[in-house]
Amino acid sequence: MVPAAGRGERLGPGAPKALRELGGVPILVHAVRALLGARSVRTVVVAAPADGVPGVRALLDEHGLPGQLGKDVRVVAGGETRQESVRLALAALPEETEVVLVHDAARPLVPVEVIEAVAGAVAAGSDAVVPAVPLADTVKQVEPAARPGGPEPVVGTPERARLRAVQTPQGFRHRLLVDVHAKALAAEGTSDEAPVTDDAGLVERFGGRVVVVPGHEEAFKVTRPLDLVLAEAVLARRRAVDGF
Ligand code: CTP
Ligand code: MG
């Protein structure tokens, strides 16, 4: 499934991020094409902005998705948060689904090998699988500044070699993902723990083992304006190399 209901505030003013174009094609279409290009994917559920369901449906149809033969692409209304969007999309999956991949629309250039590696690891018995890459930068943990705008005190430096930046698609046993989303909904507002920012984080919080497989630098998330420049360059290189 593809959460695509975000506004893309950090990208700046304009259309919702998933509908912005990359090489003349909406970011969302790139992401859906990548998933449909994976042999193991049979159904794709897109969580669109709540007021944009017919528009997104039309967009996907208009871009005639290759490899769609025998595959089902559904569009549902997303929610206020990414977590809510994923929960709503989960409800639109066929009952008999065994493995679910959750893939950010905002990662349009994910290589098919990453998708297959995550799906393969779940099929091989892992409950929850995330693709991830080592960090280039050292990471500091800080506390709030004493005064607004002041310097933030550093309280620790986790060992960089043991940190990973996680990407999507994240893969799960269907029943486990439904279960942790239900638990998260039931627990909403009852805990002062920090909000969980990815689906694997829900598994960690509500019970289950998560493992990491190698991600890919081209699976980066389009978040800020500079990411669009990088994405255009990666796409241009692919088109030059193999007529992608
Ligand atoms: N997402 C969603 N529903 C929301 C919020 C986010 O489906 N209510 C999706 C986004 O569309 C995106 C993915 O979750 O594909 C990852 O989120 P992020 O990169 O943070 O995208 P946005 O929330 O759109 O961007 P920003 O945080 O800059 O506003
Ligand atoms: Mg966001």
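Please refer to the structure placed before this passage.
Calculation criteria
- Residues numbered from 1 in each chain as written.
- Chains lettered and ligands numbered in written order.
- Predicted model: local features only at pLDDT ≥ 70, side-chain atom pairs only at ≥ 80, totals over all residues.
- Heavy atoms only, no water.
- Helix = DSSP H or I, 4+ residues; strand = E, 2+ residues; numbered from the N terminus.
- Buried < 20%, exposed > 50% of the residue type's maximum accessible area, 1.4 Å probe, protein only.
- Lys, Arg positive; Asp, Glu negative; His and termini not counted.
- Salt bridge = Lys/Arg side-chain N within 4 Å of Asp/Glu carboxyl O.
- Contact = heavy atoms within 4.5 Å.
- Pairing = 2+ DSSP bridges.
- Near = heavy atom within 4 Å.
- Polar contact = N/O pair within 3.5 Å; in protein donor to acceptor, adjacent residues only side chain to side chain.
- Areas by Shrake-Rupley, 256 points an atom, 1.4 Å probe, with all protein chains shown as cover.
- Nonpolar A, V, L, I, M, F, W, Y, C, P; charged D, E, K, R; others polar.
- Expected span 1.5 Å × (residues − 1).
- Arc of directions from axis to C-beta.
- Core = buried A, V, L, I, M, F, W, Y, C linked by side-chain atoms within 4.5 Å.
- Axes fitted to C-alpha atoms, helices over the stretch in contact; angles between N-to-C directions.

Undergrad: I'd love a proper account of the side chain of R20, names of residues and values included.
TA: Tracing the sequence through the fold places R20 in the loop between strand 1 (2–3) and strand 2 (21–22). Of the side chains with opposite charge, E232 comes closest to the buried, unpaired R20, at an N-O distance of 9.3 Å. With near-sequence residues (within four places) excluded, R20 lies in contact with L11, G12, P13, G14, A15, V25, P26, I27 and L228.

Undergrad: So, the pairing of strand 4 (residues 43–48): which residues are in play, and what are the values?
TA: A large share of strand 4 lies buried, amounting to five of its six residues. As paired elements, strand 1 and strand 4 share two bridges and run parallel to each other. From the neighbouring strand, P3 faces strand 4, where its bridge partner is A47. Judged from the six bridges that link them, strand 4 and strand 5 (residues 72–77) form a sheet pairing that is parallel. Bridge pairing links A48 to A77 in strand 5.

Undergrad: So, the site of ligand 1: which residues are in play, and what are the values?
TA: In the neighbourhood of ligand 1, 18 residues make up the surrounding shell, with G8, E9, R10, S85 and K221 lying closest. Note that an oxygen atom of ligand 1 is positioned 2.9 Å from one of the backbone N or O atoms of A5. Bound to the protein, ligand 1 loses 87% of the 570 Å² it would expose on its own. A breakdown of the residues in the shell around ligand 1 according to their chemical character gives five nonpolar, five polar and eight charged.

Undergrad: Describe helix 5 (residues 174–187), and please don't skip the residues or the numbers.
TA: Look at helix 5: 20 Å from first C-alpha to last across 14 residues, which is about the 20 Å you get at 1.5 Å a residue. Along helix 5, the residues classified as buried are H174, L176, L177, V180, H181 and A184. Projected onto a plane normal to the axis of helix 5, the buried residues spread over an arc of 170° and lie on a single side. In this structure, helix 5 carries R175 and A186 as exposed residues pointing more than 90 degrees from its buried face. At the C-terminal side of helix 5, G189 shows a positive phi close to 80°.

Undergrad: Describe helix 1 (residues 27–36), with residues and values.
TA: Because each turn of an α-helix spans 3.6 residues, side chains separated by three or four positions in sequence point in the same direction. Summarising burial for helix 1: nine of the 10 residues are buried, a large majority. Of all the positions in helix 1, only I27, L28, V29, H30, A31, V32, A34, L35 and L36 are classed as buried.

Undergrad: Now, about the nonpolar core: what can you tell me, with residues and values included?
TA: With 33 residues, the main nonpolar core has V2, L28, V32, V44, V46, L60 and I115 as its most contacted residues. Mapped onto this core, the elements with two or more residues apiece are helix 1, strand 4, helix 2 (53–62), strand 5 and helix 4 (112–123). With residues near it in sequence (within four places) discarded, V2 still touches L28, V32, L35, V44, V45, V46, A47, H103, D104 and A105. Grouped together as the second largest cluster of nonpolar side chains are 21 residues, A47, V86, L176 and V203 included.

Undergrad: Break down the sheet that holds strand 1 for me, citing the residues and quoting the values.
TA: With parallel pairing, three strands are arranged side by side in an open sheet as 1-4-5. Both outer strands of the open sheet, strand 1 and strand 5, are each paired with one neighbouring strand and no more. Packing against the sheet, helix 2 makes contact with strand 4 and strand 5, and its axis sits at approximately 160° to strand 5.

Undergrad: Describe the environment of T81, with residues and values.
TA: Following the sequence through the fold, T81 ends up in the loop between strand 5 and helix 3 (82–90). The class of T81 is partly exposed, set by a relative accessible area of 45%. Considering only alpha carbons, one finds T81 and D199, 118 residues apart in sequence, at a separation of 12 Å.

Distances and angles like these do not, on their own, reveal function.
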